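Chain by chain, the residues run as shown.
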Amino acid sequence: MQYTYQVQGMTCGHCERAVVHAVRTVDDGAEVKVDLPTGKVVVESDASREAIANAIREEGYQVAA
Ligand SMILES: [Cu+2]
């Protein structure tokens, strides 16, 4: 599946790595693309959309429903 999330609060490369790491705790084979200026995160994964969103939230970032 490919999911697109709107994530708030990512400001730098550290945030980007934190989000990628959070997604990979759910699925270590996930493809993750982060666009910092827009906060758009595109994930290619077999995990559920909600499980990935929750992992990003637990990292401290807001994910639009
Ligand atoms: Cu940052």
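The structure under discussion appears in the preceding block.
All of the points below concern the structure found in this document.

Conventions we followed
- Residues numbered from 1 in each chain as written.
- Predicted model: local features only at pLDDT ≥ 70, side-chain atom pairs only at ≥ 80, totals over all residues.
- Heavy atoms only, no water.
- Salt bridge = Lys/Arg side-chain N within 4 Å of Asp/Glu carboxyl O.
- Buried < 20%, exposed > 50% of the residue type's maximum accessible area, 1.4 Å probe, protein only.
- Phe/Tyr/Trp six-rings, centres within 6.5 Å; stacked < 30°, edge-to-face > 60°.
- Lys NZ or Arg CZ within 6 Å of the ring centre and 35° of its normal.
- Donors = N, O, S within 2.8 Å, 3.2 Å for Na, K, Ca; no water.

## Thoughts on the pattern of salt bridges
For step 1, the next point in the chain: This model, assessed by the stated rule, comprises one salt bridge.
For step 2, the next point in the chain: Of the charged contacts, one joins Arg57 and Glu50 as a salt bridge, the two residues approaching to 3.3 Å between their closest N and O atoms.
For step 3, the next point in the chain: According to the relative accessible area criterion, Arg57 is partly exposed, its value standing at 29%.
For step 4, the next point in the chain: Overall, Glu50 belongs to the partly exposed group, its relative accessible area being 44%.

## Notes on the packing of aromatic side chains
For step 1, the next point in the chain: Within the structure shown, the criterion is met by one aromatic pair.
For step 2, the next point in the chain: Note on Tyr3 and Tyr5: the rings are 6.2 Å apart at their centroids and 55 degrees apart in plane angle, and the pair reads as tilted. Side by side, Tyr3 and Tyr5 carry an identical accessibility label, which is buried.
For step 3, the next point in the chain: Arg49 extends its terminal NZ or CZ atom over the ring of Tyr5, reaching a point 4.6 Å from the ring centre.

## Observations regarding the coordination of the copper ion
For step 1, the next point in the chain: Here the copper ion is held by the protein donor atoms Cys12 (SG) and Cys15 (SG), which lie 2.0 to 2.1 Å from it.
For step 2, the next point in the chain: Take Cys12: its relative accessible area is 33%, and that puts it in the partly exposed class.
For step 3, the next point in the chain: Given the relative accessible area of 7%, Cys15 is considered buried.

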